[in-house]
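# Coordinates in review
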Number of protein chains: 2
Amino acid sequence: MSKIYVVGIGPGAYDQMTGKAIAALEKSDVIIGYTVYVDLVKEHFPEKEMMTTPMKREVERCVLAFDEAKKGKTVSMICSGDAGVYGMAGLMYEVGVNYPEVELEIVAGVTAATGGAAVLGAPLIHDFCLISLSDLLTPWEKIEKRLLGASQADFVICLYNPSSRKRHDYLEKACDLMMQYKSPETVCGIVANIAREGETAQVMTLKELRDTKVDMFTTVFVGNSQTKEINGKMVTPRGYRNV
Amino acid sequence: MSKIYVVGIGPGAYDQMTGKAIAALEKSDVIIGYTVYVDLVKEHFPEKEMMTTPMKREVERCVLAFDEAKKGKTVSMICSGDAGVYGMAGLMYEVGVNYPEVELEIVAGVTAATGGAAVLGAPLIHDFCLISLSDLLTPWEKIEKRLLGASQADFVICLYNPSSRKRHDYLEKACDLMMQYKSPETVCGIVANIAREGETAQVMTLKELRDTKVDMFTTVFVGNSQTKEINGKMVTPRGYRNV
């Protein structure tokens, strides 16, 4: 039976891949992914065949992977972060119904929420939500409802895809929504280029975050009512009771 | 300056640790953790000094780590999954204010949400929440509010600590709350002993989950309105628009 590994390669640096992810790539004949991710791994697997498709061509990329597997090759489909968090794992199962002879194995990785958290200090720690601000596949009304629901229930919120050329004011809109329930003084943090060249991190208030420009390589963290700044780090306590 | 690494060792299997986590443990003179986690790594680092403290003695464990570091040792404090997701990273910063001469570095890992998701298929994929059902440090009213808020906003929900001897009916209570907004037919999944001996996974409906007994080594996944079962796997699509 042909096999495809759907592999989370972590935030970027080779040393943040798991041993299992490295082993999957080593066992593969061909490594397929979005150009940027293939560029992140190719120097470590110089002998492997690499195939890329551009962004927003995800279905095509899945079909390519299954077609290669049908030829008898072992394939790794790589995703940044974790394959199952805004990654390709779901679409691979959906496209896979047409390829019952191909076996899928998902290999987990460090997603930007936890990779970025490690850079900022300890912003998550307790209950949190991931919300993508991209409305490419999700209606904005649904995103709005989630921002409000998560804020009202005092979750730490981690925002993926906080901005793009077409969505330059989405973070500002999201902050205004969260401030309906969260204090403008809520401790927040941003991390850009996690575990890649040019990694930067900054801790600020929600009010300041509202007027901060971020790009698509930035992950945003919004604290809960207990989150504090300790010596420049963003830290959420474990719970609400003093022990 | 003395250094402490706060290291997420992943769900359990050695091959799910990152290269950075392994390097941190290799650089350390002493590895400190809850007994169960130290048992998971000690065969791979036979030459290292290991120190353990029991569960619920977390502050004591942090003080122990800082005291060892003050002696000039390099220390790794290990956590299962990710150090910043219901892990020790936050408490280490809090205790660390008394030890300004000790530097902390957080090393991210694969948390149960993503490690378990890889076993079930692709349950998360899009926006999701992590909620712990343990009311040891969080009032139940707060947990209830989060279960309701997350369900109403149609998040995929991943439950940590779904049960314990004292809280045997909490999952049942949580399911009843989620069913105020989620259909009883919502696709759910459970994974026990992720990446450890005796790993098992099961896909079921929310109504069935309500009457399922789970233990403290189980992670629970509750789908959103789009989540489906595909050939025994739990799969959430990327968004709400067909593309």
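As shown above, the structure is provided for reference.
Right, let's walk through the structure included here. From a predicted model like this one, the values you see are computed outputs, not experimental measurements.

Here the focus is the overall build of chain A. Helix and strand content of chain A: eight helices and 13 strands. Taking 2.2 N^0.38 as the reference for a compact globule, 243 residues should give roughly 18 Å; the C-alpha atoms of chain A span a radius of gyration of 19 Å, in line with that estimate. Principal-axis analysis of the C-alpha atoms gives chain A an extent of 55 × 35 × 35 Å. Sorting the 243 residues of chain A into buried and exposed places 60% on the buried side. Restricting the contact set of chain A to residue pairs at least 6 apart, pairs at least 24 apart contribute 70%.

Okay, the pattern of salt bridges next. Any two side chains of opposite charge can pair, given that their charged atoms come close. Residues and elements named next belong to chain A. Enumeration according to the criterion identifies 34 salt bridges over all chains in this entry. D211 is the salt-bridge partner of R210, the closest N and O atoms lying 2.8 Å from each other. What makes R210 partly exposed here is its relative accessible area of 23%. By relative accessible area, D211 is classed as exposed at 54%. Three or more residues are tied together by salt bridges with common partners; here these are K3, K20, E103 and E105.

At the junction of the two partners, chain B supplies 63 residues and chain A supplies 64 residues. Across the interface of chain B and chain A, roughly 5,600 Å² is buried in total on both sides, 60% from carbon and sulfur atoms. For the pair chain B and chain A, the interface holds eight salt bridges. E58 of chain B is paired through a salt bridge with R238 of chain A; the nearest N and O atoms lie 3.4 Å apart. Taken together, chain B and chain A are joined by 32 residue pairs in polar contact (both at pLDDT 80 or more). Its residues assigned to classes, the side of chain B that touches chain A shows 30 nonpolar, 18 polar and 15 charged. Pairing analysis gives three bridges linking strand β7 (residues 128-132) of chain A to strand β7 (residues 128-132) of chain B, with the strands arranged antiparallel. When the sheet's bridge partners are listed, L130 of chain A is paired in β7 of chain B with F128 of chain B.

What counts and what doesn't
- Residues numbered from 1 in each chain as written.
- Chains lettered and ligands numbered in written order.
- Predicted model: local features only at pLDDT ≥ 70, side-chain atom pairs only at ≥ 80, totals over all residues.
- Heavy atoms only, no water.
- Helix = DSSP H or I, 4+ residues; strand = E, 2+ residues; numbered from the N terminus.
- Rg over C-alpha atoms; globule rule 2.2 N^0.38 Å.
- Buried < 20%, exposed > 50% of the residue type's maximum accessible area, 1.4 Å probe, protein only.
- Contact = heavy atoms within 4.5 Å.
- Salt bridge = Lys/Arg side-chain N within 4 Å of Asp/Glu carboxyl O.
- Buried area = accessible area lost by both parts, 1.4 Å probe.
- Polar contact = N/O pair within 3.5 Å; in protein donor to acceptor, adjacent residues only side chain to side chain.
- Nonpolar A, V, L, I, M, F, W, Y, C, P; charged D, E, K, R; others polar.
- Pairing = 2+ DSSP bridges.

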